[in-house]
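Examining the three-dimensional arrangement
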Amino acid sequence: MGLLTIGAFAKASRLSPKALRLYDELGLLTPARVDPATGYRLYAPEQLEQARLVAWLRRLGMPLARIQHIHRMDAAAAAQEVRTFWAQVEADTASRRDLATFLIDHLSRKDPARPPTAKPLGIRYAALSDTGLARASNQDTAYAGPRLLAVADGCGSLGAPAGAAAIDALKPLETDSIPAGDLLNVLEDVIEQATQAVRDIAGNGTSPEDTGTTLTAMLWTGSQLALVHIGDSRVYLLRDKELFQITHDHTVVQSMIDDGRLSPDEAASHPQRSLLIRALGQGADTTPDIRLHDAQREDRYLLCSDGLSTIVPAQAIHRALAEITEPEEAVRELVHLANNSGGPDNISCVIADVIELQQ
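Residues numbered from 1 in each chain as written. Predicted model: local features only at pLDDT ≥ 70, side-chain atom pairs only at ≥ 80, totals over all residues. Heavy atoms only, no water.

1. A short note on the overall build of the chain
Looking only at helices and strands, the chain features 12 helices and 15 strands. A burial count over the chain gives 44% of its 359 residues as buried. Sequence separation of at least 24 residues holds for 66% of the intrachain contacts in the chain that already meet a minimum separation of 6. (Helix = DSSP H or I, 4+ residues; strand = E, 2+ residues; numbered from the N terminus. Buried < 20%, exposed > 50% of the residue type's maximum accessible area, 1.4 Å probe, protein only. Contact = heavy atoms within 4.5 Å.)

2. A word on the packing of aromatic side chains
All chains considered together, the criterion is met by 1 aromatic pair. Judged by centre distance (4.3 Å) and plane angle (10°), the ring pair of phenylalanine 9 and tyrosine 43 falls under stacked. Taken as a pair, phenylalanine 9 in helix 1 (residues 6-13) and tyrosine 43 in strand 3 (residues 41-43) lie far apart in primary sequence, 34 residues in all. Judged by its relative accessible area of 0%, phenylalanine 9 is buried. (Phe/Tyr/Trp six-rings, centres within 6.5 Å; stacked < 30°, edge-to-face > 60°.)

3. Structural notes on the pattern of salt bridges
What the rule picks out here adds up to 12 salt bridges. Taking the shortest distance from any N to any O, the salt bridge between aspartate 24 and arginine 41 comes out at 2.7 Å. One end of the pair, aspartate 24, is in helix 2 (residues 17-25); the other, arginine 41, is in strand 3, and 17 residues separate them in sequence. Between glutamate 326 and arginine 124 there is a salt bridge; the shortest N-O distance is 3.5 Å. Of this pair, glutamate 326 sits in the loop between helix 11 (314-323) and helix 12 (327-340) while arginine 124 sits in strand 4 (residues 121-130), placing them 202 residues apart in sequence. (Salt bridge = Lys/Arg side-chain N within 4 Å of Asp/Glu carboxyl O.)

4. Looking at unusual backbone geometry
Residues other than glycine seldom take positive phi values, yet arginine 14 does so here, at roughly 65°. Take arginine 14: it is sitting in the loop between helix 1 and helix 2. When its relative accessible area of 67% is taken as the criterion, arginine 14 is described as exposed.

5. Some remarks on the sheet that holds strand 3
Spatial ordering of the open sheet is given by 1-3-2, a layout of 3 strands whose pairing is antiparallel. The open sheet terminates on both sides in strands that have one partner only, identified here as strand 1 (4-5) and strand 2 (33-34). Across 2 bridges, strand 1 lies against strand 3 in antiparallel orientation. For leucine 4, the partnering residue across the bridge sits in strand 3 and is tyrosine 43. (Pairing = 2+ DSSP bridges.)

6. Some remarks on the packing of helix 1 against helix 2
Running from amino to carboxyl end, helix 1 crosses helix 2 at an angle of 100°, the nearest separation of the two axes being 9 Å. Relative to helix 2, the element helix 1 lies roughly perpendicular. For the pair helix 1 and helix 2, the contacting residues are Ile6, Phe9 and Ala10 in the first and Pro17, Leu20 and Arg21 in the second. (Axes fitted to C-alpha atoms, helices over the stretch in contact; angles between N-to-C directions. Parallel < 35°, antiparallel > 145°, perpendicular 65-115°, else oblique.)

7. Remarks on the environment of alanine 127
Checked against the element boundaries, alanine 127 lands in strand 4. Considering only alpha carbons, one finds alanine 127 and leucine 302, 175 residues apart in sequence, at a separation of 9.8 Å. In this structure alanine 127 touches Ala142, Tyr143, Ala144, Cys349 and Val350, once residues within four positions along its chain are discounted.

8. A word on the nonpolar core
Within the largest apolar cluster, 26 residues are counted, with the highest numbers of intra-cluster contacts made by Leu170, Leu183, Leu187, Ala194, Leu215, Leu219 and Leu280. Only strand 6 (148-155), helix 6 (159-170), helix 7 (183-203), strand 8 (215-220), strand 9 (224-230) and strand 13 (289-294) provide two or more residues apiece to this core. The biggest single contributor to this core is helix 7, with 7 residues. (Core = buried A, V, L, I, M, F, W, Y, C linked by side-chain atoms within 4.5 Å.)

9. Points about the side chain of aspartate 353
Within the secondary structure, aspartate 353 is located in strand 15 (residues 347-356). On the basis of relative accessible area, aspartate 353 is assigned to the buried category, the value being 6%. Polar side-chain contacts of aspartate 353 include one of 2.6 Å to the side chain of arginine 300. Excluding residues within four positions of it along the chain, aspartate 353 makes contact with Gly122, Ile123, Arg124, Asp299, Arg300, Thr325 and Pro327. (Polar contact = N/O pair within 3.5 Å; in protein donor to acceptor, adjacent residues only side chain to side chain.)

10. Points about the state of the cysteines
Inspection of every chain in the model, using the stated rule, returns 0 disulfides. Cysteine 349 carries a free sulfur, and the closest cysteine sulfur to it, the one in cysteine 304, is 6.0 Å from it. (Disulfide = S-S within 2.5 Å.)

What follows is the structure, given as structure tokens:
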């Protein structure tokens, strides 16, 4: 088969002539020959595979700059790059899905036909942070108040003040009365303030790029808990004697599990299990997960740093939460379990029980 005209090549590759001209200008898909008299672009049949790959990648929504990068790779590296790109697309989609869910729930609260909560609910709470048995200092911060629950796990030389600064940025939520219609904007604003607070702390250190913190917080609104989460600290919910993890770790290992490249059992001993892909800090992706959770009487929420969740099996956490009634005793038991397992990291726990208020 001889050279194909741009029209024939466009039809065979399912790319428009306009797109082919653009890809030629970018050096992404250069014609085999350009007629010197007419300027017509002519393509070789063996270029069809490359053109179809470009078309498929564009259908995935991949930017042209990234396609150019893949174009210079061998097949194995290109496959890995596509895998990485799609994992990021799925993560972004999940984040937008969470936001859509939040907005649907948030707007539903404004529906006058929706019946109000029959009985007023409140929370009782406790927080405890411990250095553990192997670390020289505690870079965790745990906080519990009438409205705000939060855990931060700092990293780097200024990890402790970074985590504390992030939670301090949220503490005004304890006293401010937030109108229902402003809740999403308030949460976004406070995350921006926490991010800036951490960057200010990092800027005072010798290695600002290494200073950062996770931040997992819940804001009690009277019948719901608004969740803000970034990093690998976690929130668990004990409801009807069942334990659910309601946050998703923002780690390299979790992304590999999501991508099917790693099993949960393999992740437990992976050398990069603590490497974050989202955190508050210099140069980090600071996009939080934001959700609303309808509270039910007798719900129990646990916020914890990875010093608990990576050391103590989920069954043991479940048992402690289910069997110990008082929040203060429960947080002490969880810290004890982590230290009994070697206590290799700082340990922070916050427990909040949803209770019916006396009228």
